[in-house]
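Structural description and commentary
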Amino acid sequence: MQTVFTGQLCIECDACVDICPMDCITFTQNGEEDELRTRLTAPALNPGQELYVADSLKTGRVMVKDEDVCLHCGLCAERCPTGAWDMQKFLLDMTQAG
């Protein structure tokens, strides 16, 4: 399961931020990645893990989620009043060497 975010539906109520047990969701002003990582609710300390950044919010801010600490528990999708967060199945198909 994977969390999917649709910025056009988001009203920036911060319900997802409040319920996230790992504090991996942050709404903030955009910026350079190194500086942005320090402003997250839970600072993203693993520079090898890319951040999920959605920039289609009405206020001009961005939603940033650190996939490195996300549990994919679905609480954000369950709590979201507009359906901006959704849990969707995905298939990871990797080629095996040999």
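Scroll up for the structure.
Reading the values: rules and limits
Residues numbered from 1 in each chain as written. Predicted model: local features only at pLDDT ≥ 70, side-chain atom pairs only at ≥ 80, totals over all residues. Heavy atoms only, no water. Helix = DSSP H or I, 4+ residues; strand = E, 2+ residues; numbered from the N terminus. Buried < 20%, exposed > 50% of the residue type's maximum accessible area, 1.4 Å probe, protein only. Contact = heavy atoms within 4.5 Å. Core = buried A, V, L, I, M, F, W, Y, C linked by side-chain atoms within 4.5 Å. Pairing = 2+ DSSP bridges. Axes fitted to C-alpha atoms, helices over the stretch in contact; angles between N-to-C directions. Patch = residues over 30% accessible without salt bridge, like charges linked within 9 Å, V, L, I, M, F, W, Y side chains within 5 Å. Areas by Shrake-Rupley, 256 points an atom, 1.4 Å probe, with all protein chains shown as cover. Salt bridge = Lys/Arg side-chain N within 4 Å of Asp/Glu carboxyl O.

So, on to the overall build of the chain. The helix and strand tally for the chain stands at three helices and five strands. Starting at the N terminus, the α and β elements of the chain follow one another as β-α-β-α-β-β-α-β. In terms of principal-axis extent, the alpha carbons of the chain reach across some 50 × 30 × 25 Å. Classification of the 98 residues of the chain by burial places 35% in the buried group. Summarising the internal contacts of the chain: among those between residues at least 6 apart in sequence, 59% fall at separations of at least 24.

Mapped onto the elements, Thr26 comes out in strand E2 (residues 25-28). If sequence neighbours within four positions are ignored, Thr26 has contacts with Arg39, Leu40, Thr41, Val62, Met63 and Val64.

A separate point is the nonpolar core. Ranked by internal contacts, the top residues of the largest apolar core, which has 17 residues, are Phe5, Cys16, Ile25, Phe27, Met63 and Trp85. The contacts of Cys16, once residues within four sequence positions are left out, are Ile25, Phe27, Cys76 and Trp85. Formed by six residues, the second largest nonpolar core is a distinct cluster that contains Leu40, Ala44, Leu51 and Val62.

Once that is clear, we can look at the sheet that holds strand E3 (residues 51-54). Spatial ordering of the open sheet is given by E2-E4-E3, a layout of three strands whose pairing is antiparallel. Of all strands in the sheet, those bounded by a partner on one side alone are E2 and E3. Averaged over all adjacent pairs, the angle separating strand axes in this sheet is 20°, with direction ignored. Two elements, E2 and strand E4 (residues 62-66), share four bridges in a ladder whose sense is antiparallel. Within the sheet, the bridge partner assigned to Thr28 lies in E4 and is Val62.

A cluster of nonpolar residues, Phe90, Leu92 and Met94, forms a patch on the protein surface that exposes about 370 Å² of accessible area. Within the secondary structure, Leu92 sits in the segment after strand E5 (85-88). When its relative accessible area of 62% is taken as the criterion, Leu92 is described as exposed.

Before going further, it helps to examine the pattern of salt bridges. Tallied over the entire structure, the rule returns four salt bridges. For Arg37, the salt bridge identified is with Glu33, shortest N-O distance 2.9 Å. Placement of the pair is Arg37 and Glu33 together in helix H2 (residues 33-38), with a separation of four residues, close to one helical turn. The class of Arg37 is buried, set by a relative accessible area of 6%. A relative accessible area of 40% places Glu33 in the partly exposed class. With a shortest N-O distance of 2.6 Å, Glu35 and Arg39 are connected by a salt bridge. Accessibility expressed as a relative area gives 38% for Glu35, which makes it partly exposed.

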